[in-house]
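Observations on the three-dimensional arrangement
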Amino acid sequence: MEKLYLVATIAGQPVAIPAAVVDSVVDIARLSPVPLAAPHIAGLAAVRSRVLTIVCGERALGLKASARRPTRAVVMDVDGHRYGLLVGAIEDARIIEDDPHPVPMRLAAGWARVAVGLLDFEGESLLLIDPVRLISGPLEIAA
Amino acid sequence: MDDLLSEFIAETRDTLEALSGEVIAWEADPHDRGRLDSIFRFVHTVKGSCGFLDLPRFERLSHAAEDVLSDLRANRRQPDTALVSAVLAIIDRIGELTEALDAGEPLPDSDDNLLIAALSEEGKPAAASALHAAMAKRAPTRSIRVPLDLLDQMMSGVSDMVLARNELSRQLRGVAIDPGIEGAFDRLSNCVAEMRDAISRTRMQRIDKLFSALPRTVRDIATELGKAVTLEIEGADVELDREMIELIRDPLVHMVRNAIDHGIEAPDERARRGKPAAGRLSVSARQSGNQIVIEVSDDGRGIDEDKLLGRAVGSGIISMQAADALPPSARAALIFNPGLTTSDHVSAISGRGVGMDVVKSNIERIGGAIEIDNRPRLGLRLTIRVPLTLTIIAALTVTAGEQNFAIPRSAIDEIMHDGSEALRIENVGDARIATIRGRALPLLDLETVLEMEAPIADQGRTLVVLRAANGSRYALGVATVQDHEELVIKPVSPAVMATGVYAGETLPDSGMPMLLLDIGGIADRAGVDTDTAAPALAIPANDTEEIEEGASTLLFQDFRGVRCGIRLSVIERLEEVPADRVSHSAGQLRVAIDDRLLPLLGIDRMPGTKSMKILRLTDGTTELAYAIQEVIDIVSFPIVIEQAGAPGPVAGAALVDGEPAELLDPHWLFANQTSVAPLVARQAPLCLLLDSNDRWMREILRPLVESAGYRVAFAGEAESMEADVMIASTNAQPLPLPENTPLIRLRADRPISHVGDDSIYRYDRPGLLAALQTRVSARRA
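This section reports on the structure supplied with the text. In this text, all values refer to a predicted model and were calculated from it rather than measured experimentally. (Residues numbered from 1 in each chain as written. Chains lettered and ligands numbered in written order. Predicted model: local features only at pLDDT ≥ 70, side-chain atom pairs only at ≥ 80, totals over all residues. Heavy atoms only, no water.)

1. Thoughts on the sheet that holds strand β31 (residues 711-714) of chain B
The strands that make up a sheet pair up through hydrogen bonds in the backbone, lying either parallel or antiparallel. Residues and elements named next belong to chain B. Test applied: A pair of strands counts as paired when DSSP detects no fewer than two bridges linking them. A run of DSSP states H or I qualifies as a helix once it reaches four residues; a run of E qualifies as a strand once it reaches two. Both are numbered from the N-terminal end. Working rule for contacts: check all heavy atoms of both residues, and any pair within 4.5 Å makes them a contact. Every angle, taken between N-to-C directions, lies between 0 and 180 degrees, and every axis is a line fitted to C-alpha atoms, over only the stretch in contact when it is a helix.
Taken in spatial order, the five strands make up an open sheet running β31-β30-β32-β33-β34, and their pairing is parallel. Pairing within the sheet leaves two strands with one partner each, and these edge strands are β31 and β34 (760-761). Strand direction decides the pairing type here: strand β30 (residues 686-689) and strand β32 (residues 725-729), joined by three bridges, are parallel. Directly across from L689, in β32, lies its bridge partner I727. Sitting on the sheet, helix α24 (residues 695-707) is in contact with β30, β31, β32 and β33 (743-747), with an inclination near 160° to β31.

Rendered as structure tokens:
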């Protein structure tokens, strides 16, 4: 289980999310906006009669949101609250045996904050991210 | 004591239950050491507790059984069937007594001696019949103990079930379904509803748990304070959520303490007032709909509202104007402001001024409300209303910008349409004010507060009048009001909480998550004053006459220790400033406030203290500070005063509450400070404007004359003898004027029609200034 990762895209970039933190993957049809909330909070949605706080992955990285809002969300529990992280596409769930190694180059601030390391998978490099840091949003919001 | 007893009963019952298996096993094998030990432990525990609880029958039984069992453990006796039966009979009897104790019935009147005799080696045969009788009557267990965690888990499970049902109901609505499914769904709905009720009841506890400690608390406090108090408790069998009980425990105890300490008078004082020597304190609880109403009332002295008002103003909690305009019913409620007390001294019990505000915020945090009913000299009644449970609240759903929001019912005072006759909406600057039956409230539009990009209709909107936890009241404009609903509220995630305007989230039947508004948070965000903003706004902003009216006067002690009064209308606010902001510059003391240097009056040397209280006085254009030692009260200062002999800072003196007080002359204070250099100002010619009620004179003419270097006063503010020149309008009533003071008459219409008249057209600026100049120099020469 520790080596299982969910591979999804955020802003077109494939990233690996540790499967241990992922509860499920759902499609979000309708959102209730949350006026005055930080820009990366897309709104609230109900999934199986529970309310999720929906976080836009792109805005959380400090990037511009895509013109069409993605509908696919990765559901996870953080500190007793349920979140849905909007991602572009879910590619696969993969078992990657090798441990992640440090990211060798400098990333843009948004990415650098959520990046944990690089994973090698079949000759390809995958960025491993910490979704909890993603949920907390861009730093200037936290400050 | 009751708590301990019920604890004992529950524990004994539990152990008996657990022991029943052991007992049977021991009966089968009397030599089983492990079983023997656990039975011994049980008997030993019972013996220990019941000695403490004063239950002699329990004690005798368990003591006898313990003796025998310890003999068995020490191998001084060998167990046989008869002995085992005798021990079991004792255990059963303990069980019986326990049940009787719990039910509050008299203990069964059977003979314990027989059972005890059966334990002894000789007494076996005689006791046989008693044993059988005892064994036949094993009482059934009627309750079990369940960990609270499990109950909480069940509660949240049921809440989820309600939500799931709602979602199913929504899904079903969209499709044509056959009656069979519909019937099954209805049955499911009923089951879920019943289940919810049942689970809610498992969390219910009698409020007795809270009330049972009160007699002792009351006795202790009353003894300490040397007062006699009779406590009446009513409605101890009312049940409410156990979590709620914990949350109202502290507020309740605090209210009781306050009632005894502040409310109920000492016996001799009560005798003087013709009250019975013992004060009466009554605590009652009752259920009203889905709320529990708890009342704490006493027949003490109540709250001295004038004193409270004085303190509130003195500590800067409300402005002078607000205090003045506060309706009598709202005065006592000032006690809920932080840091306010009417007690003159701090006692160990209360009077530190921490308390009622905490009580209020604790009650409101759990969706409750607190009301105060003050009858000065007769008593005080505080009423708390709390919902039965925390998770399900009654709410009003409203729409703003095509989105629905929930508002807790408990915060709503009133709902009205914007077309209502009783309502007037005005724009004041960029703010709006809704005046409802003469009461002005800030009007906020929900769309604006939430910065939603939604059009706000000019009319056809609904106003929800709200009372926030911090005491602010305002009207919230929404597009429409949807419905009253009972909603299952869940906490919002931190990211949503960070907005500060939401208190929770819920999932209604629509399937679209909905946010519960935080009424206080919205008030904060929109900048609604936390102090009673409404009365302050009740004074129409453009009404200058207002300033001249009312003899409401702030009574204070000045730095010489003299009681002084100053009219409320000239006080902008009261402030405490650090002493290091006071400096001696340009010939007098000045104090730095908001990046400005204000002249500081009322004190002639640097204060020796670390900080000092100042009154900020204003005449609308100029501001100055007046140092005071302490605010005494707000009083109605007598209109007729003993005039001071010579013009000066004191206009005169009068008796207030039987003691003399000096009334400051704001005109003199300002007249000597309007210019930066006071010496020059004193020599500036004084121009007296004769129509003090004329807005044109006040607002347009006055600045012009002042900017030309004259001092300006209005009729009544200065003696006409002192004036160097006077200005009146031609349409004013001719006044008896001193002959030797030159007068300039201004007319409102164009020059042509007044040829030959000495009046000046009022917008003829050079003409007016020239006339002023010539007349003043003629007089001075």
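2. Notes on the pattern of salt bridges
Inclusion rule: The term salt bridge refers to a side-chain nitrogen of Lys or Arg lying within 4 Å of a carboxyl oxygen of Asp or Glu. Relative accessibility thresholds used throughout: buried, under 20% of the residue-type maximum; exposed, over 50%; partly exposed, between the two (1.4 Å probe, protein chains only).
Using the criterion set out here, one finds 29 salt bridges over all chains in the structure. Note that D23(A) is salt-bridged to R82(A), the shortest N-O span being 3.1 Å. Of this pair, D23(A) sits in the loop between β2 (13-18) and β3 (24-27) while R82(A) sits in strand β7 (residues 81-87); the two residues are 59 residues apart in sequence, bridging distant segments of the chain. Among the residues examined, R82(A) registers a relative accessible area of 13% and is labelled buried. Here the salt bridges share partners, and the residues they tie into one network are E265(B), R270(B), K275(B) and D299(B).

3. As for the packing of aromatic side chains
All names here are of chain B. The condition that has to hold: By convention, a stacked pair of Phe, Tyr or Trp rings (six-membered ring in the case of Trp) has centres within 6.5 Å and planes under 30 degrees apart, an edge-to-face pair has planes over 60 apart, and any other such pair is tilted. Both a distance and an angle decide whether a charge sits over a ring: NZ of Lys or CZ of Arg must be within 6 Å of the ring centre and within 35 degrees of the ring normal.
According to the stated counting rule, one finds one aromatic pair over all chains in the structure shown. Judged by centre distance (6.0 Å) and plane angle (70°), the ring pair of F556 and Y626 falls under edge-to-face. In this pair, F556 sits in strand β19 (residues 552-558) while Y626 sits in strand β26 (residues 623-636), placing the two residues 70 residues apart along the sequence. With respect to burial, F556 and Y626 carry one shared label: buried. Between R73 and the ring centre of F40, over which it is positioned, the NZ or CZ distance is 4.2 Å.

4. Thoughts on the interface of chain A and chain B
Quoted interface sizes are often the accessible area lost when the parts come together. The test is simple: Note on definitions: buried area is the accessible-area loss of two parts on being combined, 1.4 Å probe, summed for both.
Taken together, the contact between chain A and chain B spans 19 residues of the former and 29 residues of the latter. At the boundary of chain A with chain B, total buried surface from both sides reaches about 1900 Å², with 65% on carbon and sulfur atoms. Counting across the chain A and chain B interface gives zero salt bridges. Mapped onto the side of chain A that touches chain B, the elements with two or more residues apiece are β4 (41-47), β5 (50-56) and β7 of chain A. Looking at the side of chain A that touches chain B element by element, the count peaks at four residues for β4(A).

5. Focus on the pairing of strand β15 (residues 473-478) of chain B
Residue and element names in this part refer to chain B. Within β15, six of the six residues are buried, which leaves it mostly tucked inside the rest of the structure. By the bridge criterion, six bridges tie strand β14 (residues 462-467) to β15 in an arrangement that is antiparallel. The residue bridging T462 from the neighbouring strand is V478, located in β15.

6. Some thoughts on the packing of helix α3 (residues 56-73) of chain B against helix α5 (residues 112-119) of chain B
All names here are of chain B. To be explicit about the condition: Each angle is binned into one of four classes, with values under 35 degrees roughly parallel, values over 145 roughly antiparallel, values of 65 to 115 roughly perpendicular, and all other values oblique.
Two numbers describe how α3 lies on α5: the axes approach to 10 Å, and their chain directions differ by 10°. Considered as vectors, α3 and α5 are oriented roughly parallel to each other. Facing R57, R60, L61, A64, A65 and V68 of α3, the residues of α5 in contact are D112, N113, I116 and L119.

7. What about the nonpolar core?
So the rule is basically this: In plain words, nonpolar cores are sets of buried Ala, Val, Leu, Ile, Met, Phe, Trp, Tyr and Cys residues tied together by side-chain atoms within 4.5 Å.
One finds I318(B), L554(B), I566(B), L615(B) and L617(B) to be the most contacted residues of the largest nonpolar core, which totals 69 residues. Top element by residues in this core is helix α11 (residues 242-263) of chain B. It accounts for eight residues. Beyond its immediate chain neighbours, meaning those up to four positions away, L554(B) contacts V313(B), M320(B), C564(B), G565(B), I566(B), L568(B), I571(B), L615(B), V631(B), D633(B) and I634(B). Of all hydrophobic cores here, the second largest spans 60 residues; its members include L6(A), I17(A), V74(A) and L446(B).

8. Describing the sheet that holds strand β10 (residues 124-129) of chain A
Residues and elements named next belong to chain A. Overall, mixed pairing links the five strands, which are arranged β8-β1-β2-β10-β9 in an open sheet. What marks the edges here is a single partner per strand, and that holds for β8 (89-95) and β9 (115-121). Averaged over neighbouring strand pairs, the angle between their axes works out to 35° when direction is ignored. With two bridges joining them, β2 and β10 adopt parallel strand pairing. Bridge pairing in β10 links A16 to L128.

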